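Overview (structure and organization)
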Amino acid sequence: MLHDRVLVRQDAGEGDRRSSGGILIPATAQVGKRLAWAEVIAVGQNVRTVEPGDRVLYDPEERAEVEVRGVAYVLLRERDLHAVAAERVEASGEATGLYL
């Protein structure tokens, strides 16, 4: 990975969902702009806020897809990440493990 690039693997498709009220929402239902979670696989040398193994929140419309050895990944810039969920932040005891 070069510069400020982050390679992530998307979480599996969610399929049908349930609302907080228990209503079943089919996977084909149109929803507004929705951010997605992914796992960081590799980072460039200039990336400072994430490490491999972290989960990141990003906008699926701002992505470049790449396939490596038959596995689909998403290539992002570090500045395109909206939030990071990391166990190393939770371990400090002072945080929730999620930083924006």
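For the structure given in this document, a descriptive report is provided here. Positions within a chain are numbered from 1, following the residues in the order the chain's sequence is written. Local features in a predicted model are, by the rule used here, given only for residues with pLDDT of at least 70; side-chain atom pairs are given and counted only at 80 or more, and totals for whole chains, interfaces and linings are based on all residues. Only hydrogens and water are removed before side-chain values are computed, so all heavy atoms of the structure are retained for them.

Some words on the overall build of the protein
Of the regular secondary structure elements, the protein holds one helix and nine strands. Numbering of helices and strands runs from the N terminus; a helix is a DSSP stretch of H or I covering at least four residues, while a strand is a stretch of E covering at least two. Secondary structure elements in the protein, listed N-terminal to C-terminal, are β-β-β-β-β-β-β-β-α-β. Relative accessibility thresholds used throughout: buried, under 20% of the residue-type maximum; exposed, over 50%; partly exposed, between the two (1.4 Å probe, protein chains only). Classification of the 100 residues of the protein by burial places 25% in the buried group. Whether two residues are in contact is decided by their heavy atoms, any of which lying within 4.5 Å being enough. Within the protein, counting contacts between residues at least 6 apart in sequence, those at least 24 apart form 58% of the total. Note that accessible areas follow from Shrake-Rupley with a 1.4 Å probe, and for residues the cover is restricted to the protein chains shown. Split by element, the accessible area of the protein, about 7000 Å² in all, is 49% carbon and sulfur.

Some thoughts on the environment of Glu78
Along the polypeptide, Glu78 turns up in the loop between strand 7 (71-77) and strand 8 (81-85). With residues up to four places along the chain from it excluded, the contact list for Glu78 reads Asp4, Val6, Asn46, Val47, Arg48, Thr49 and Val50.

A few points about the nonpolar core
Ranked by internal contacts, the top residues of the largest apolar core, which has 13 residues, are Val6, Val8, Val50, Val56 and Leu81. Counting residues per element, the ones that place at least two in this core are strand 1 (5-10), strand 4 (36-43), strand 5 (55-58), strand 7 and strand 8. Among all residues touching Val50, those that are not within four sequence positions of it are Val6, Val40, Val43, Val56, Glu78, Leu81, Val84 and Arg88. The criterion is simple. A nonpolar core is a set of buried Ala, Val, Leu, Ile, Met, Phe, Trp, Tyr and Cys residues joined through side-chain atoms within 4.5 Å.

Overview of unusual backbone geometry
Here His3, not a glycine, exhibits a phi torsion of approximately 50°, which is positive. With respect to the helices and strands, the residue His3 is situated in the segment before strand 1. A positive phi angle, near 55°, is found at Arg69, a position not held by glycine. Topologically, Arg69 is positioned in the loop between strand 6 (64-68) and strand 7. Judged by its relative accessible area of 85%, Arg69 is exposed.

Some thoughts on the environment of Ala72
Its place among the elements puts Ala72 in strand 7. If sequence neighbours within four positions are ignored, Ala72 has contacts with Arg9, Val66 and Glu67.

Some words on the side chain of Asp80
Tracing the chain through its elements places Asp80 in the loop between strand 7 and strand 8. When charges are counted, neither His nor the chain ends are considered; positive counts come from Lys and Arg and negative counts from Asp and Glu. The rule for a salt bridge is simple: a side-chain nitrogen of Lys or Arg has to be within 4 Å of a carboxyl oxygen of Asp or Glu. For the buried residue Asp80, which engages in no salt bridge, the nearest side chain bearing the opposite charge is Arg79, 4.4 Å off. Aside from chain neighbours lying at most four places away, what touches Asp80 is Tyr58 and Glu62.

Some details on the side chain of Glu78
Comment: no salt bridge for buried Glu78; closest opposite-charge side chain is Arg48, at 5.2 Å. Nitrogen and oxygen atoms within 3.5 Å of one another constitute a polar contact, given that in protein one can donate a hydrogen and the other can accept it, and given that sequence-neighbouring residues count only through two side-chain atoms. Among the polar contacts made by the side chain of Glu78, one reaches the main-chain amide nitrogen of Arg48 at a distance of 3.1 Å. Of the polar contacts made by the side chain of Glu78, one reaches the side chain of Thr49; its length is 2.6 Å.

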